[in-house]
Number of protein chains: 2
Amino acid sequence: ADAAARQAIAARNAVLTKPPGSLGRLEELAAWLGAWQGRATPVLERVRVIVFAGNHGVVARGVSPWPADVTGQMVGNFAAGGAAINQLARVADAQLTVIPLAELAPTADFTEAPAMDEAQFLAAVAAGHASVPPQTDLLCLGEMGIGNTTAAAALAAALFSGDGTQWAGPGAGSDAAGIARKAAAIDAGLARHAAWRGDPLEMARRVGGYELAAILGAVLAARRNRVPVVLDGFVCTAAAAPLARLHPEGLAHAVLSHQSAETAHGVLARHLGLAPLLALEMRLGEASGAALAVPLLRAALACHAGMASFAEAGISARQ
Amino acid sequence: ADAAARQAIAARNAVLTKPPGSLGRLEELAAWLGAWQGRATPVLERVRVIVFAGNHGVVARGVSPWPADVTGQMVGNFAAGGAAINQLARVADAQLTVIPLAELAPTADFTEAPAMDEAQFLAAVAAGHASVPPQTDLLCLGEMGIGNTTAAAALAAALFSGDGTQWAGPGAGSDAAGIARKAAAIDAGLARHAAWRGDPLEMARRVGGYELAAILGAVLAARRNRVPVVLDGFVCTAAAAPLARLHPEGLAHAVLSHQSAETAHGVLARHLGLAPLLALEMRLGEASGAALAVPLLRAALACHAGMASFAEAGISARQ
């Protein structure tokens, strides 16, 4: 990140016509955007939303009330413009791209085998990495995949301790029996892959999923090109979390858009030290929370770029 | 509010391509807007931001680090387009109006006398009432007035119990000694006007201010014309609070945009049963939080109006 840009933004913030600091996190967001973009006047012209889609072998364990076919059907809905993210990307004035991984073939059931072999995992990471154009001002990430809150919960547990009962939640609408099946599947996966629990990337391969691996690759590509990232909900955050386990500053170029209604998301955010910008009890995924945060970032930049200074406005100093 | 419109919105929400309820508060917001607009497909074409400005005699007690001249200087800054709310209203695609009350003459110091006489109070309420065009789809309210967190704190204390120490905060940047002067002024005002503490409107006259009275009038006008209202921070919320003390549903047509960094705002919001949409540590006033919430409402309506149903998208049912 560019310390000079951050400093220039902080210096300007201090002389704009408001009590110092009174725009709160909007001031921090402007500085964060500028630091990663390397611009004292950050811009949001090329805002991209990328949604990765994948299927999960663990769905065979009854972890979702929805059939796996819905993943592909929702990809069709994204293409037709009928999903929430189509509307939210439009409100955000962002370009939406949807990338199905592995032709939507499911991963292996992680209770029985690694979800992906090494070639499959690396191909998904590479697909995510290749999906981010270097000339991007802001990258919003999200996912679609029936069963993927189970994969995310298993990965979060592997990275931060805890068991299935602690990390399983209703996801896309599981009842108590469904949550119990999720917890059991998570515990079975953790037991099967216990020997690798200290290796974040290996656990991402073993209990994650194609769309989670692609998110990880996209977050890496953004870091290389200093593109600021907006994370979405529980699955997206869990997908990126291995990078924070590999390096304490691994997610410094990312903000957390919102806190999901999925209880595990708040727990995971606290482990990662990420403070959500919004908390509107959403639990949809597909980058919906990330896109919803974009207008807040636009507002932060509009204030920073457009406000007058005390001197320009002829306003009296504090007494 | 229009129960039929609310019902129609809830019914449509249940068949859109997402797990039921997964858009969280966005779903509630669409239903709330429709109920007050009386439309099954609510719109946000005529969004208005009105900022009322006034001065305060209690500033003589040293309750603000800023000179009273700043109120008028900031009105000039609003007119020139240099304030935060100018930028935030533009991001919100809202029309901004700024209304100075009483030609910015200060109220009386409420530690010595009622802040306004009855004619002055009613004129300010009437000015606020007259400021709201009936054909408004959404009304965002805010204020500017050096010293007005002291008036807001005195009014909140009068309405909901407590004393100056509990309700005084840093406002626009008071240090500990300044906060102590605020608390002392609030306590002196509460003592002087104690006999009227059970009368919300009388206390709004005695310890409030012109811009607070105008906000109260605007909220009343909005109610008469079924215009949904977005409240801003501590001062704006305190200004509207007498209506909730007069009738339990008095603020049902209003949402709270954000929770301010001013601690008393969270306390007041809990007293009123209002759940903020945002909590970004802002403490600026001038409708900044209210305007910032507008894109969230636009997003709620975009999802509601633009999403496909499960049947339209050919998506499988839950198992």
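Parameters and conventions
- Residues numbered from 1 in each chain as written.
- Chains lettered and ligands numbered in written order.
- Predicted model: local features only at pLDDT ≥ 70, side-chain atom pairs only at ≥ 80, totals over all residues.
- Heavy atoms only, no water.
- Contact = heavy atoms within 4.5 Å.
- Buried area = accessible area lost by both parts, 1.4 Å probe.
- Salt bridge = Lys/Arg side-chain N within 4 Å of Asp/Glu carboxyl O.
- Helix = DSSP H or I, 4+ residues; strand = E, 2+ residues; numbered from the N terminus.
- Nonpolar A, V, L, I, M, F, W, Y, C, P; charged D, E, K, R; others polar.
- Least-squares fit on C-alpha atoms with pLDDT ≥ 70 in both.
- Domains from an automatic or database assignment.
- Polar contact = N/O pair within 3.5 Å; in protein donor to acceptor, adjacent residues only side chain to side chain.

K.L.:
Tell me about the interface of chain A and chain B, and please be specific about residues and values.
P.N.:
At the interface, 54 residues of chain A touch 54 residues of chain B. Together chain A and chain B conceal approximately 4,600 Å² of surface at their shared face, both sides included; 66% is due to carbon and sulfur atoms. Counting the surface chain A buries against chain B, the share from its top three residues, W66, L280 and R318 of chain A, is 13%. The tally of links between chain A and chain B comes to 0 salt bridges. Secondary structure elements with two or more residues in the side of chain A that touches chain B: helix 2 (25-37), helix 3 (69-80), helix 4 (84-91), helix 13 (288-306) and helix 14 (310-313) of chain A. The element best represented in the side of chain A that touches chain B is helix 13 of chain A, accounting for 8 residues. Class assignment for the residues of the side of chain A that touches chain B results in 31 nonpolar, 15 polar and 8 charged.

K.L.:
Residues and numbers for the relation of the copies chain A and chain B, please.
P.N.:
You can overlay chain A on chain B at an RMSD of 0.0 Å; the transform is a turn of 180° with a shift of 0.0 Å along its axis. Both copies are brought into coincidence by an operation consistent with a two-fold rotation axis. Comparing contact sets, 100% of the residues at the interface of chain A also lie at the interface in chain B, consistent with an isologous, same-surface contact.

K.L.:
Please set out the domain arrangement of chain A residue by residue, giving values where relevant.
P.N.:
All names here are of chain A. Along its sequence, chain A is carved into domain 1 (3-41 + 305-313) and domain 2 (47-296). Taking only C-alpha atoms, the centre of domain 1 and the centre of domain 2 are 32 Å apart. If you look at the interface, domain 1 gives 9 residues, while domain 2 gives 14 residues. For the pair domain 1 and domain 2, the summed buried area comes to about 1,000 Å², and 64% of that belongs to carbon and sulfur atoms. Sorting the residues of domain 1 by area buried against domain 2 places R25, W32 and W36 first, and these three jointly supply 63% of that buried surface. Remark: the boundary between domain 1 and domain 2 carries 1 salt bridge. R39 serves as the salt-bridge partner of D137, at 3.5 Å between the closest nitrogen and oxygen. Linking domain 1 to domain 2 there are 6 residue pairs in polar contact (both at pLDDT 80 or more).

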